[in-house]
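# Fold and contact review
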Amino acid sequence: MAAATLLVSVLSSADDDVIRIGEINAYKALPALTVPYRKGWELAQEEINAQGGVLGKRLETVFRDSNANAGEAVRAAQELVTLEKVDMLAGVTFSHVGLAVSDFARHRKVFFLASGPFSDAIIWSKHNRYTYRLRAGTYAMVAAVIDDAVALNKKRWALVYPNYEYGQVAAETFKREMKKRQPDVEFVIEQAPPYGKVDAGLMVQALEDARPDAIFNVLFGADLTRFLREGHNRGLFENREVVSLMSGEPEYSDSLKGDAPKNWIVTGYPYYSLDMPEHQDFIEKYRAKYDDYPRMNSVVAYATVKALAAGIEKAGSTDAEDLVEAFKGLEFSTPFGVERFSPVDNQSSMGVIVGRSDLKDGRGYMKTWKYLNGDAISPPLEERKALVAGD
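Now for a look at the structure at hand.

Thresholds, definitions, all that
- Residues numbered from 1 in each chain as written.
- Predicted model: local features only at pLDDT ≥ 70, side-chain atom pairs only at ≥ 80, totals over all residues.
- Heavy atoms only, no water.
- Helix = DSSP H or I, 4+ residues; strand = E, 2+ residues; numbered from the N terminus.
- Pairing = 2+ DSSP bridges.
- Axes fitted to C-alpha atoms, helices over the stretch in contact; angles between N-to-C directions.
- Contact = heavy atoms within 4.5 Å.
- Left-handed = near helix turned anticlockwise from the far one by under 90°.
- Nonpolar A, V, L, I, M, F, W, Y, C, P; charged D, E, K, R; others polar.
- Core = buried A, V, L, I, M, F, W, Y, C linked by side-chain atoms within 4.5 Å.
- Buried < 20%, exposed > 50% of the residue type's maximum accessible area, 1.4 Å probe, protein only.
- Salt bridge = Lys/Arg side-chain N within 4 Å of Asp/Glu carboxyl O.
- Phe/Tyr/Trp six-rings, centres within 6.5 Å; stacked < 30°, edge-to-face > 60°.
- Lys NZ or Arg CZ within 6 Å of the ring centre and 35° of its normal.

### Focus on unusual backbone geometry
Not every positive phi belongs to a glycine, and asparagine 239 is a case in point at roughly 55 degrees. Among the structural elements, asparagine 239 can be located in the loop between helix H8 (221-234) and strand E9 (241-248). One non-glycine residue, lysine 257, lies in the positive phi region at around 50 degrees.

So this is what it looks like as structure tokens:
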């Protein structure tokens with residue numbers, strides 16, 4: 001009996017020295033994103049622990065795979081909270097998974113920092129006080145390219161997007177914002193294949209038949225690869241402007257090699273030319289540890305851990321209610337500079353990089369770029385207040 005009591009006492013003492021984070025992501029489904037994501041996460045965690053941790057405690061992360069399934073993600077969250085005794089939840093890339101974990105956090109009153117799901121419902125229509133989001137969402141991604149799209153002065157547009165929430169909302173937002181700025185714009189064709197099931201030949205032929213002046217694309221991954229190859233083969237992109245979300249992120253552009261888009265307006269991550277001091281420091285550490293270059297998801301994960309550490313420090317505890325209050329207006333460091341969480345909708349100001357793509361040495365890169373802070377590409381403050389549902 002005494003031995004058992006001693007064992008419990010030792011374990012409790014050890015646990016008192018650790019802050020446990022439960023992280024959920026689509027590790028099997030999205031390895032091109034989540035492998036560099038985890039590298040960024042572990043780099044930040046090691047840095048923080050080497051500096052003494054947070055509140056004198058070491059950060060420790062328990063990783064779980066969602067298998068890109070909302071139900072499995074909720075079961076993982078339940079296990080993390082009840083069995084692993086994590087102090088908070090974080091992570092997620094897929095929007096439907098993020099919404100499910102956010103709802104779990106609301107019911108269980110657990111703090112959840114959503115790293116990368118694009119769905120703006122997480123911060124607006126399905127907002128809850130326990131969920132904050134780090135990466136810019138769908139609205140901000142589209143808003144980042146609108147000025148450049150309007151400046152093209154093209155009347156007839158085609159829309160190409162995956163047929164699920166992210167693609168649908170991106171397309172609708174693009175149409176709405178373009179109509180505001182360019183009332184005579186026409187949307188002559190929409191192609192919305194199911195994610196992962198693009199028939200590139202039929203799609204490119206339909207686009208050619210519609211004769212658009214410009215194309216707005218939201219396809220990514222293998223769908224984008226098929227679209228690009230068929231489009232190049234048939235001359236779809238010759239003398240035609242293309243605006244494309246995420247196509248400048250190395251997770252997607254690297255695998256395209258010589259098929260990477262040339263002279264498209266893209267959002268992305270030109271790690272090779274970013275000149276912010278914080279980014280130069282980040283990339284040096286990343287290369288030293290992994291002998292590799294970071295991807296966009298490396299930045300997202302690194303910033304997520306930094307934000308959690310800053311929030312815990314400000315709260316002075318890991319209690320969910322304390323964290324909810326501490327994250328309101330919280331400033332935290334990222335490879336893009338100091339960012340801040342809005343107390344209105346729990347969205348961070350981490351922004352979007354937009355520019356022109358090109359080819360060099362048989363691979364894609366961003367030949368020009370500008371960083372747009374998230375607050376600058378979000379709706380006005382009063383509008384954001386109106387968008388937020390009750391807590």
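### Focus: the sheet that holds strand E4 (residues 112-114)
Hydrogen bonding along the main chain pairs the strands of a sheet, whether they run parallel or antiparallel. Spatially, E2-E1-E3-E4-E5 is the arrangement adopted by the 5 strands of the open sheet, whose pairing is parallel. Two strands bound the open sheet, and with one partner strand each, they are strand E2 (58-65) and strand E5 (131-133). Pairwise comparison of adjacent strand axes, ignoring direction, gives a mean angle of 25 degrees for this sheet. As paired strands, strand E3 (residues 88-91) and E4 are joined by 3 bridges and run parallel to one another. In the sheet register, leucine 89 faces E4, and the bridge partner there is phenylalanine 112. Taken strand by strand, helix H2 (residues 31-50) contacts strand E1 (18-25), E2 and E3, and its axis lies near 165 degrees from that of E2. Helix-sheet contacts for helix H3 (residues 70-82) involve E1, E2 and E3, and the interaxial angle to E1 is about 170 degrees.

### Brief notes about the packing of H2 against helix H11 (residues 296-315)
Where H2 contacts H11, the two axes come as close as 7 Å, and the packing angle between them is 35 degrees. Once H2 is placed against H11, the crossing between them reads as right-handed. Residues Leu33, Pro36, Tyr37, Gly40, Trp41, Leu43, Ala44, Gln45, Glu47 and Ile48 of H2 touch H11, and the partners they reach there are Asn297, Ser298, Val300, Ala301, Tyr302, Thr304, Val305, Lys306, Leu308 and Ala309. Looking at the contact of H2 with H11 residue by residue, the class counts come to 13 nonpolar, 5 polar and 2 charged.

### Focus on the pairing of E2
Two faces make up the sheet, and in a regular strand the side chains alternate between them. Taken together, the 8 bridges between E1 and E2 define a ladder with parallel strand orientation. In the sheet register, asparagine 25 faces E2, and the bridge partner there is aspartate 65.

### Some thoughts on the nonpolar core
A general trend in soluble globular proteins is that nonpolar side chains are found buried together. Judged by nonpolar contacts, the single largest core of 123 residues is most densely connected at Leu89, Phe111, Trp157, Phe216 and Phe227. Looking at this core element by element, the count peaks at 11 residues for H11. Apart from the residues lying within four places of it in its own chain, the contact partners of phenylalanine 227 are Val160, Ala200, Met203, Val204, Leu207, Asn217, Leu219, Leu236 and Phe237. Core analysis: the second largest hydrophobic core is formed by 7 residues, Leu99, Ala121, Trp124 and Tyr139 among them.

### Concerning the pattern of salt bridges
The final tally for this structure, using the stated rule, is 36 salt bridges. For glutamate 42, the salt bridge goes to arginine 38, with nearest N and O atoms at 2.9 Å. Residue glutamate 42 and its partner arginine 38 are both found in helix H2; the two are separated by 4 residues, about one turn of the helix. Using a relative accessible area of 27% as the deciding quantity, one classes glutamate 42 as partly exposed. Between lysine 285 and glutamate 47 there is a salt bridge whose closest N-O contact spans 3.6 Å. Taken together, the residues lysine 285 in helix H10 (residues 277-290) and glutamate 47 in helix H2 connect sequence positions 238 residues apart. The class of glutamate 47 is buried, set by a relative accessible area of 11%. When salt bridges with common partners are traced through the structure, they connect Arg20, Arg58, Glu60, Arg64, Glu79 and Glu84 into a single cluster.

### Details of the packing of aromatic side chains
Considering all chains together, one arrives at 30 aromatic pairs under this definition. Between phenylalanine 237 and tryptophan 264 the ring centres are 5.2 Å apart and the planes differ by 70 degrees, which places this aromatic pair in the edge-to-face class. Of the two residues, phenylalanine 237 is situated in the loop between H8 and E9 and tryptophan 264 in the loop between helix H9 (250-256) and strand E10 (265-268); the sequence distance between them amounts to 27 residues. Relative accessible area serves as the criterion here: at 2%, tryptophan 264 is assigned to the buried category. In this structure an aromatic cluster arises from ring pairing among Tyr269, Tyr271, Tyr272, Tyr293, Phe336, Tyr365 and Tyr371. Over the ring of phenylalanine 63 we find arginine 38, and its NZ or CZ is 3.7 Å from the ring centre. Sitting over the face of the ring of tyrosine 293, arginine 295 holds its NZ or CZ atom 4.0 Å from the ring centroid.

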